Amino acid sequence: MQTRTTLRSLIPAALLLLVFTCIIYLSALGSRDIWAPEEGYYALEAKEMLQRGDWLVPHVNGMPRLQKPVLYHWFVLLFGRVTETTARIPSAIAAILTVLVTFLFASMWFGRRTGIITGIILSTTTLFLWHARYAGTDMLLVLFVTASCFMIREALRENAGAGLRPAPATLSQVGPGRRNAFLIAGFAIAGVAVLSKGPVGVVLPALAVIASLLWKRRAVSPPREAFLYGTILLLLIAIPWYVLAIKRAGQGYELIVRQNFTRFLSPWDHEGRGWYFYLARLPLDLLPWSFFIPAIFAFFIKHHKPDPQDRFLICWAVTAALFFLASGSRQGKYFLPMYPAFAVLTARALEGFLFGKSESSFFWWVRGGMVAFAAAAFIASAIYPAGINMGFKQYPQEASTVAAGAKWFLIPLLIFGTAVTICSLFSWGRAGVISIAIFMVAAHIVTVAALLPSLDPFKSPRHLADAVIKNSGPETRNAILGAFRPGVAFYSGKKFEVLPVRSGKVGRQSAARCRVFLAEPGSRLVLMPDKHLGLIRDSKGRLPPNVQVLERMRLGSRFHVLVGNRKK
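Residues numbered from 1 in each chain as written. Predicted model: local features only at pLDDT ≥ 70, side-chain atom pairs only at ≥ 80, totals over all residues. Heavy atoms only, no water.

A closer look at the overall build of the chain
Link 1 in the chain: Broken down by element type, the chain carries 24 helices and 7 strands.
Link 2 in the chain: Taken over 568 residues, the chain has a buried fraction of 54%.
Link 3 in the chain: A separation threshold of at least 6 residues defines the contact pool for the chain, and within that pool the share at least 24 residues apart is 76%.
Link 4 in the chain: Split by element, the accessible area of the chain, about 24,900 Å² in all, is 66% carbon and sulfur. (Helix = DSSP H or I, 4+ residues; strand = E, 2+ residues; numbered from the N terminus. Buried < 20%, exposed > 50% of the residue type's maximum accessible area, 1.4 Å probe, protein only. Contact = heavy atoms within 4.5 Å. Areas by Shrake-Rupley, 256 points an atom, 1.4 Å probe, with all protein chains shown as cover.)

Comments concerning the pattern of salt bridges
Link 1 in the chain: Evaluated as defined, the whole model comprises 19 salt bridges.
Link 2 in the chain: With its nearest N and O atoms 2.8 Å apart, the salt bridge here joins Glu-39 to Arg-32. For the pair Glu-39 and Arg-32, one class covers both residues: buried.
Link 3 in the chain: With a closest N to O distance of 3.3 Å, Arg-258 and Glu-254 form a salt bridge. One end of the pair, Arg-258, and the other, Glu-254, are both in helix H12 (residues 252-265), 4 residues apart, so they sit about a helical turn from each other.
Link 4 in the chain: Owing to a relative accessible area of 17%, Glu-254 belongs among the buried residues under this scheme.
Link 5 in the chain: Each member of the salt-bridge network shares a partner with another, and the members are Arg-477, Glu-497, Arg-513, Glu-520 and Arg-524. (Salt bridge = Lys/Arg side-chain N within 4 Å of Asp/Glu carboxyl O.)

Topic: the environment of Leu-44
Link 1 in the chain: Checked against the element boundaries, Leu-44 lands in helix H2 (residues 38-52).
Link 2 in the chain: Put simply, Leu-44 and Gly-493 are 449 residues apart on the chain and 9.3 Å apart in space, counted from C-alpha to C-alpha.
Link 3 in the chain: Setting aside chain neighbours within four positions, we find Leu-44 in contact with His-59, Val-60, Asn-61, Phe-484, Pro-486, Ala-489 and Phe-490.

Side note on the environment of Ala-92
Link 1 in the chain: Within the fold, Ala-92 resides in helix H4 (residues 84-110).
Link 2 in the chain: Taking the relative accessible area as the measure of exposure, Ala-92 reaches 0% and is therefore buried.
Link 3 in the chain: Put simply, Ala-92 and Thr-21 are 71 residues apart on the chain and 8.8 Å apart in space, counted from C-alpha to C-alpha.
Link 4 in the chain: Once residues lying within four places of it in the same chain are set aside, the contact partners of Ala-92 are Tyr-25, Leu-26, Leu-29 and Ala-132.

Structural notes on the nonpolar core
Most often, soluble globular proteins have nonpolar side chains that are buried together.
Link 1 in the chain: The biggest cluster of nonpolar side chains holds 143 residues, and the ones touching the most others in it are Tyr-25, Phe-128, Trp-241, Trp-289, Leu-313 and Tyr-339.
Link 2 in the chain: Leaving out residues up to four positions away in the same chain, Phe-128 has contacts with Tyr-25, Ala-95, Thr-98, Val-99, Leu-122, Ser-123, Met-139, Val-142, Leu-336 and Tyr-339.
Link 3 in the chain: The next biggest cluster of nonpolar side chains, apart from the first, holds 13 residues, and it includes Ala-479, Leu-499, Cys-514 and Ile-536. (Core = buried A, V, L, I, M, F, W, Y, C linked by side-chain atoms within 4.5 Å.)

Observations regarding the sheet that holds strand E3 (residues 477-481)
Link 1 in the chain: Strand order in the open sheet made by the 5 strands is E4-E3-E5-E7-E6, with mixed pairing throughout. Lying at the two open borders of the sheet, with one neighbouring strand each, are strand E4 (497-499) and strand E6 (548-555). When the angles between neighbouring strand axes are averaged without regard to direction, this sheet yields 20 degrees.
Link 2 in the chain: As paired elements, E3 and strand E5 (residues 524-529) share 4 bridges and run parallel to each other. Bridged to Ile-480 within E5 is Leu-527.
Link 3 in the chain: In the packing of helix H22 (residues 462-471) onto the sheet, the strands contacted are E3, E5, E6 and strand E7 (558-564), and the crossing angle to E6 comes to about 160 degrees. (Pairing = 2+ DSSP bridges. Axes fitted to C-alpha atoms, helices over the stretch in contact; angles between N-to-C directions.)

Some details on the layout of surface pockets
Here the idea is plain: a probe the size of a water molecule rolls over the atoms and shows the empty space left.
Link 1 in the chain: Taken as a whole, the second largest pocket spans an internal volume of roughly 630 Å³.
Link 2 in the chain: Lining of the second largest pocket is provided by 23 residues; of these, Ile-293, Phe-297, Ala-317, Val-318 and Met-338 occupy positions nearest its centre.
Link 3 in the chain: Where the lining of the second largest pocket is concerned, the elements lending two or more residues are helix H13 (277-285), helix H14 (293-303), helix H15 (308-326) and helix H16 (339-354).
Link 4 in the chain: With 6 residues, the single largest contributor to the lining of the second largest pocket is H15. (1 Å grid on protein atoms, 1.4 Å probe; cavity = no way out; pocket = protein on both sides within 12 Å on 5 of 7 lines; lining within 4 Å. Points joined across faces, edges and corners; volume = space filled by probe spheres on them.)

Points about a nonpolar patch on the surface
Link 1 in the chain: Where nonpolar side chains cluster on the molecular surface, the patch consists of Leu-26, Trp-55, Leu-78, Phe-79, Ile-93 and Leu-97 and spans about 540 Å² of accessible area.
Link 2 in the chain: Within the secondary structure, Ile-93 sits in helix H4. (Patch = residues over 30% accessible without salt bridge, like charges linked within 9 Å, V, L, I, M, F, W, Y side chains within 5 Å.)

Observations concerning the packing of aromatic side chains
Link 1 in the chain: According to the stated counting rule, one finds 24 aromatic pairs in the structure shown.
Link 2 in the chain: Measuring from centroid to centroid gives 6.3 Å for Phe-105 and Phe-182, while their planes differ by 65 degrees, and the two rings are edge-to-face. In this pair, Phe-105 sits in helix H4 while Phe-182 sits in helix H9 (residues 176-197), placing the two residues 77 residues apart along the sequence. Both residues of the pair, Phe-105 and Phe-182, belong to the buried class.
Link 3 in the chain: What links up through ring pairs into an aromatic cluster is the set Phe-105, Trp-109, Phe-110, Phe-150, Phe-182, Phe-312 and Trp-316.
Link 4 in the chain: Over the face of the ring belonging to Phe-490 we find Lys-47, whose NZ or CZ atom lies 4.9 Å from the ring centre. (Phe/Tyr/Trp six-rings, centres within 6.5 Å; stacked < 30°, edge-to-face > 60°. Lys NZ or Arg CZ within 6 Å of the ring centre and 35° of its normal.)

So, in structure tokens, the structure goes:
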């Protein structure tokens with residue numbers, strides 16, 4: 001008999017999930033520097049907005065930059081300063097709330113036990129963990145898309161007594177007033193999602209809901225008044241900032257057309273990745289729970305007939321995946337909005353196995369996932385040292401630095417690989433899944449404490465900024481030849497003239513501008529990749545008079561030089 005689920009009965013589990021996610025997402029949030037390239041842009045935009053006292057239009061290097069909406073920046077500005085920690089807090093808090101919202105609705109639909117398993121799965125998925133501690137807009141989008149999807153679906157579904165399988169009694173009853181409130185709230189939250197990352201915040205919930213309605217028409221039609229009020233509220237939340245920001249900065253084409261439609265249809269970045277890109281990325285991004293994807297298919301195809309809530313979750317995951325597969329620009333993080341649906345579906349498949357309610361033939365599918373995880377752990381522990389040496393074979397010093405932090409991965413890999421092997425042999429499914437979750441937490445602690453800080457020399461532009469500060473004076477003018485480095489501007493606190501480098505005539509013009517810049521009176525510094533140093537040399541390979549290379553540094557796999565005119 002299913003336990004009666006009430007809001008009060010969910011409080012202890014919700015508090016435990018809250019404490020758990022706060023520990024893994026908020027602890028040592030500033031342990032590493034702002035990394036290039038994306039974190040640098042978001043942190044610098046927030047920093048310049050705070051310095052300018054302008055909460056409307058993000059600026060970079062003193063110029064308006066309307067590429068993403070402003071909600072992320074507003075959350076950062078609430079802290080009154082921009083640091084490595086405050087730049088990432090919005091993502092961490094959004095991840096925590098996403099876990100809690102998903103837990104709540106999974107419990108409402110399928111029971112508290114399913115909700116708890118869902119929260120554990122979602123909070124320990126690899127890519128979700130990473131972006132919960134990364135400065136950017138993606139986790140905000142995930143939070144609001146998740147809440148919007150759940151609320152709109154709750155407004156459009158039938159009560160348990162009208163055809164659904166028996167569900168937790170108290171929370172599953174949806175009266176007309178509550179249905180209207182859910183619908184209006186879902187639309188309003190979709191408007192907030194638009195402020196977090198653009199129109200995709202409306203598109204994803206709409207696709208999920210429409211697809212679920214088309215699959216099987218079992219939902220209750222909402223009153224037209226609620227639909228109308230929700231639409232009006234959505235527009236009132238989403239539109240005003242766009243109008244005011246475009247009026248101020250005049251970059252409507254960039255913000256609306258180029259960053260959304262052009263990026264989707266004819267991208268200029270991350271292009272050339274076929275649809276198969278996600279076949280390679282998704283199993284890694286969903287680790288360790290990707291080992292149970294076959295079990296999910298087996299559960300819903302052979303051993304369980306999906307009910308309306310299951311169908312909605314499937315539609316949510318599939319439509320989000322198809323939408324981003326259709327996009328010309330492809331990144332692993334684009335699939336993040338489907339992760340809550342994946343977590344609930346995985347929990348649905350695992351619950352019967354963990355608590356002995358599924359057919360015995362299904363056990364082999366879940367046990368196979370456990371065995372696959374254990375095998376992967378042992379293989380990874382064997383090839384990890386060799387992989388580090390191969391990845392850094394040209395840079396032995398860097399390899400030893402990274403290996404010093406990465407070696408601690410071997411301990412959780414071996415311990416929990418052994419634990420899961422034992423659990424799978426003795427059919428201790430519950431202990432095996434718990435061991436996998438503990439492994440993710442242990443690996444996360446190792447990552448935060450040992451590995452990521454050791455990567456700062458390769459990912460952080462702080463040492464480039466330190467070189468600029470060291471070699472510049474109060475009157476020095478600074479420039480960058482090549483791509484702008486927002487992290488350098490963030491850490492140095494200086495403005496840079498940007499001299500873009502492209503092929504052909506434009507490249508020669510940029511080199512000429514750089515030589516003119518260095519020849520002007522006063523102290524001048526130019527930061528550039530060392531491969532561009534030849535652009536400012538003459539035909540005999542000489543630098544312009546009074547110009548010299550002051551510093552040579554490495555960021556990632558590329559070396560950079562700081563060139564000055566010796567007039568300080």
